[in-house]
Amino acid sequence: MTAEFPPGLLLIVGAVLVPFLKGNLRSVYTLALPLLGIWQLTALEPGTFGVLSAFGFEQTHVRVDKLSLLFGYVFYIAATLGILFAWHRDDRVEQTTALVYVGAAIGAVFAGDLITLFLYWEVAAIAAIFLIWAARTERSFRAGVRCLIIYMLSGILLLTGVAMRALETGSVAFDHIGLDSPSGLLILLAFGIKCAFPFLHNWLQDAYPEASVTGTVFLSAFTTKLAVYALARGYAGTEVLIWIGVAMTAFPIFYAVIENDLRRVLAYSLNNQLGFMVAGIGIGTTLAINGAVSHAFAHIIYKALLFMSMGAVLYRTGTVKGSELGGLYKTMPWTTGFCIVGAASISAFPLFSGFVTKSMILTAAAKEGYLVPFLILLFASAGVFHHSGIKIPFFAFFAHDSGKRPKEAPVNMLLAMGLASFLCIAIGVYPQPLYALLPFPVEYTPYTTTHVVTMLQLLLFSGLAFATLQRSGLYPPELRSTVLDFDFSYRRLAPWMAGWLMNVGERAWMTMTSASLPSLRGLASLAIRQFGPHGRFARNQSSSFSLSISVALLAVLLLMFFAR
Amino acid sequence: MTEPPSHDSVQEKNGGKRFWLDDMRNVYKVFWALVVVCGALFLADAVYEKHVILSFESWFGFYGLFGFLVSFALVLIARELRKILMRDEDYYDR
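Here the structure is a predicted model, which is why all the values come from computation and not from measurement.

Draft legend 1. Fine view of the overall build of chain B. The number of helices and strands found in chain B is three helices and one strand. Along chain B, helices and strands appear, N-terminal first, in the series α-α-α-β. Across the 94 residues of chain B, 14% fall into the buried class.

Draft legend 2. Just the overall build of chain A, in detail. Each helix and strand counted, chain A has 21 helices and three strands in total. The C-alpha atoms of chain A give 32 Å as radius of gyration, which overshoots the globular expectation for 564 residues (24 Å, by more than 25%). With the C-alpha coordinates of chain A rotated into their principal frame, the extents come out at 125 × 60 × 60 Å. In chain A, which comprises 564 residues, the proportion classed as buried is 53%. The contacts of chain A with a sequence gap of at least 6 include a subset with a gap of at least 24, amounting to 82%.

Draft legend 3. Main features of the nonpolar core. Residue and element names in this part refer to chain A. Counting 199 residues, the largest nonpolar core has Tyr101 and Ala124 as its most contacted members. The element best represented in this core is helix α13 (residues 286-317), accounting for 21 residues. Not counting residues within four places of it along the chain, the set of residues in contact with Ala124 comprises Tyr101, Ala104, Ala105, Ala108, Phe222, Thr223 and Leu226.

Draft legend 4. Geometry of the interface of chain B and chain A. On the side of chain A, 45 residues touch chain B, which itself brings 41 residues to the contact. Of all the secondary structure elements, the ones that give two or more residues to the side of chain B that touches chain A are α1 (7-13), α2 (24-44), α3 (62-85) and β1 (86-87) of chain B. Here the residues of the side of chain B that touches chain A are counted per class, giving 29 nonpolar, five polar and seven charged. Bridge count for strand β3 (residues 482-483) of chain A against β1(B) is two bridges, and the pairing is antiparallel. By the bridge assignment for β1(B), A:Thr482 is matched with B:Arg87.

Draft legend 5. Spotlight on the packing of helix α5 (residues 114-133) of chain A against helix α6 (residues 138-169) of chain A. Residues and elements named next belong to chain A. One way to put it is that α5 packs onto α6 with a least axis distance of 9 Å and a crossing angle of 175°. Between α5 and α6, the interaxial angle falls into the category roughly antiparallel. Contacts between α5 and α6 involve Leu114, Ile115, Phe118, Trp121, Glu122, Ala125, Ile129, Ile132 and Trp133 from the first element and Ser140, Phe141, Ala143, Gly144, Cys147, Leu148, Tyr151, Gly155, Leu158, Leu159, Val162 and Arg165 from the second. Of the residues assigned to the contact of α5 with α6, the class counts are 16 nonpolar, three polar and two charged.

Draft legend 6. Fine view of unusual backbone geometry. All names here are of chain A. At Arg136, a position not held by glycine, the phi torsion is positive, near 55°. Mapped onto the elements, Arg136 comes out in the loop between α5 and α6. Here Arg136 falls in the exposed class, since 11 other C-beta atoms lie within 10 Å of it.

Draft legend 7. Representation of helix α12 (residues 262-283) of chain A within the structure. Residues and elements named next belong to chain A. With 22 residues, α12 extends 32 Å from end C-alpha to end C-alpha; this agrees with the ideal 32 Å at 1.5 Å per step. Of all 22 residues in α12, 22 are buried; the element is thus mostly enclosed. One or two positions beyond α12, positive phi appears at Gly284, with a value near 80°.

Draft legend 8. How the structure looks around the packing of helix α4 (residues 92-110) of chain A against α5(A). Residue and element names in this part refer to chain A. It is at 8 Å that the axes of α4 and α5 come closest, and there the two elements cross at 155°. Considering the angle they form, α4 stands roughly antiparallel to α5. Once α4 is placed against α5, the crossing between them reads as left-handed. Every residue of α5 that contacts α4 at Val93, Glu94, Thr97, Ala98, Val100, Tyr101, Ala104, Ala105, Gly107 and Ala108 is listed here: Leu117, Tyr120, Trp121, Val123, Ala124, Ala127, Ala128, Phe130 and Leu131. Of the residues in the contact of α4 with α5, the class split is 16 nonpolar, two polar and one charged.

Draft legend 9. Spotlight on the pairing of strand β1 (residues 47-54) of chain A. Residue and element names in this part refer to chain A. The buried fraction of β1 amounts to zero of the eight residues, a small share that puts the element mostly on the outside. Relative to strand β2 (residues 57-64), β1 runs antiparallel, the two being bridged by seven bridges. Counterpart to Thr48 in the pairing with β2 is Arg63. Where β1 folds back on β2, the antiparallel hairpin that results is connected by two residues, among which Phe55 adopts a positive phi of roughly 55°.

Draft legend 10. Just α2(B), in detail. Here α2(B) contains 21 residues, and its C-alpha end-to-end distance of 30 Å stays within 8% of the 30 Å for a straight helix at 1.5 Å per residue. Across the 21 residues that make up α2(B), only a small minority, two, are buried.

Draft legend 11. Quick peek at the confidence of the model for chain B. Residues and elements named next belong to chain B. Looking at chain B, the pLDDT average stands at 85 and 86% of residues meet or exceed 70. The element-level mean pLDDT for chain B is lowest in α1, coming to 62, with α3 highest at 94. For this predicted complex, the interface score ipTM comes out at 0.88, alongside a pTM of 0.89.

Draft legend 12. Looking closely at the environment of B:Phe60. Residues and elements named next belong to chain B. Its location among the elements puts Phe60 in the loop between α2 and α3. Accessibility expressed as a C-beta count within 10 Å gives 11 for Phe60, which makes it exposed. Once the C-alpha coordinates of Phe60 and Asp45 are considered, the two residues, 15 residues apart in sequence, prove to be 6.3 Å apart.

Draft legend 13. Structural detail: the environment of A:Ala304. All names here are of chain A. Locating Ala304 in the fold gives a position in helix α13. On the neighbour-count criterion, Ala304 (28 C-beta atoms within 10 Å) is buried. A sequence separation of 86 residues divides Ala304 from Phe218, and the C-alpha atoms of the two residues are 7.6 Å apart. If we skip the residues at most four places from it in the chain, Ala304 touches Ala78, Leu81, Gly82, Val217, Ser220, Ala221 and Ala420.

Basis of the calculations
- Residues numbered from 1 in each chain as written.
- Chains lettered and ligands numbered in written order.
- Predicted model: local features only at pLDDT ≥ 70, side-chain atom pairs only at ≥ 80, totals over all residues.
- Helix = DSSP H or I, 4+ residues; strand = E, 2+ residues; numbered from the N terminus.
- Buried ≥ 20, exposed ≤ 12 C-beta atoms within 10 Å, placed from the backbone.
- Rg over C-alpha atoms; globule rule 2.2 N^0.38 Å.
- Contact = placed C-beta atoms within 7 Å.
- Core = buried A, V, L, I, M, F, W, Y, C linked by C-beta atoms within 7 Å.
- Nonpolar A, V, L, I, M, F, W, Y, C, P; charged D, E, K, R; others polar.
- Pairing = 2+ DSSP bridges.
- Axes fitted to C-alpha atoms, helices over the stretch in contact; angles between N-to-C directions.
- Parallel < 35°, antiparallel > 145°, perpendicular 65-115°, else oblique.
- Expected span 1.5 Å × (residues − 1).
- Left-handed = near helix turned anticlockwise from the far one by under 90°.
- pLDDT = per-residue confidence, 0-100.

Shown next, in the form of structure tokens:
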């Protein structure tokens, strides 16, 4: 019976009760929902249910296979961590929308058809916006509105693409889509916006760091990884994704080096990590797909951990700007330790989760002979250690002493971070249970001497470069600043251009009216003189007209008479 | 904020406690330890049989040198990008 209930709907329906509960009871209740969800997933058998006909198409509300189960599990795990981290928070809006958001994302990964996917996709989008607004600041409101417009664009593209595809194929089943038809391109763009493809990415770095301490932890896990899931399902082996993916791994790391807001640095590194997954999906071999989705699994946990550690810093000090922080390890040792675990995981250090997942993507790229993508991915691997592995913990907890002596994070935050750290290490040390969940059989051994040594070389030499640059003073200091990214185009350039056009238009109108006004006036008075009440044509109009007609008729008659 | 605080003031803020990393000499020790570890890792290429897929991966010390050089380049390029891309903190709020 429980198994027949749509997995995501459990949280959406469950969220209805949240506003009516108070205090710890509300927190206990919200935590129980994802745990119940995990239990439900363990009881689900592969297959489909909830098949119904609507709009003339057969829709499958729930499709259970290894790919959807993998994302279902990790989404529930992320929800559990996020709720634990937000235990202290007494905010009905945030707690309710967080549950709806998670539920919609889970509903979407279990959707067997594109119409159901679209419905959950939109619910997740709107819930995410409310989660951003729940910070209740002017900045979060504005960023949320910008994000909303971009999300709506994704929704429109998806809906149009689905409608076109339904006409082309007569089916709305969500299986491999590919780029063979225009509808495939539209759906890819819709997914691409949510997956933060280059030039479609900026909502991520704009909005996520503006959400609340706890809101960002939720946001980091779902929207983008739902898009990764959708790409893995619909576009595996689409070669253009390799190039999009490697571009995504490379360009955000330059921004991550110079950005001051450490949660924004994490948003850039999130973008970079998505690139690895997209490239893996583009390569499309079983090893690469396994790598991409397992990396998504590991990534959701370590990224949440990193956002939690920076959230704890923000909660205790009121800022996450690198320029204002430093030396916090003295009074926040646990948070420091957990942050370092997250940093080691995202950097793919041996014995941490990123190592056993990302390496599959790199190996697949090398095996398929993608030389340039392989080198870019390698560069991005060194780069991610540089900005997420070192920069985040270094500038927050070490570097120069900021003089700030905040208290250690609250117990619930430490518990959530501790649990996430445990999972990061557990996956890294013993990856077999994760490998067993992957869509294809795994014939891959992460721990070989070559792999461990080469990875350590890459990472530690990258660390050495950081240390050398720091010592020599070449490393750019953390400065209070705004770094221009693509959002400049719609936050500054487009308004400027619109303003310029209005300005030019107004001036053109003024010039035209002032230059041509005297002659226009002359023309008008001439017309009035000729055709006005006292004009020549107004004089005895009816009589003179009939007279001239009579004269003309007479002339015709005379002509005809004499012509005979 | 930009001036590094003197040891006395740091100790005062710590409530009289001295942390190991408060002493710059220990920070240098960490740096040199990293140099030694990197040196050892570089030489490690000589003592085991590398199993790689692409030919350049088997070059002696490839991963170490690649990691160092690209990270160095990354930071220097990002530093230059600041000149073009960096604005005041309240740039979008004005």
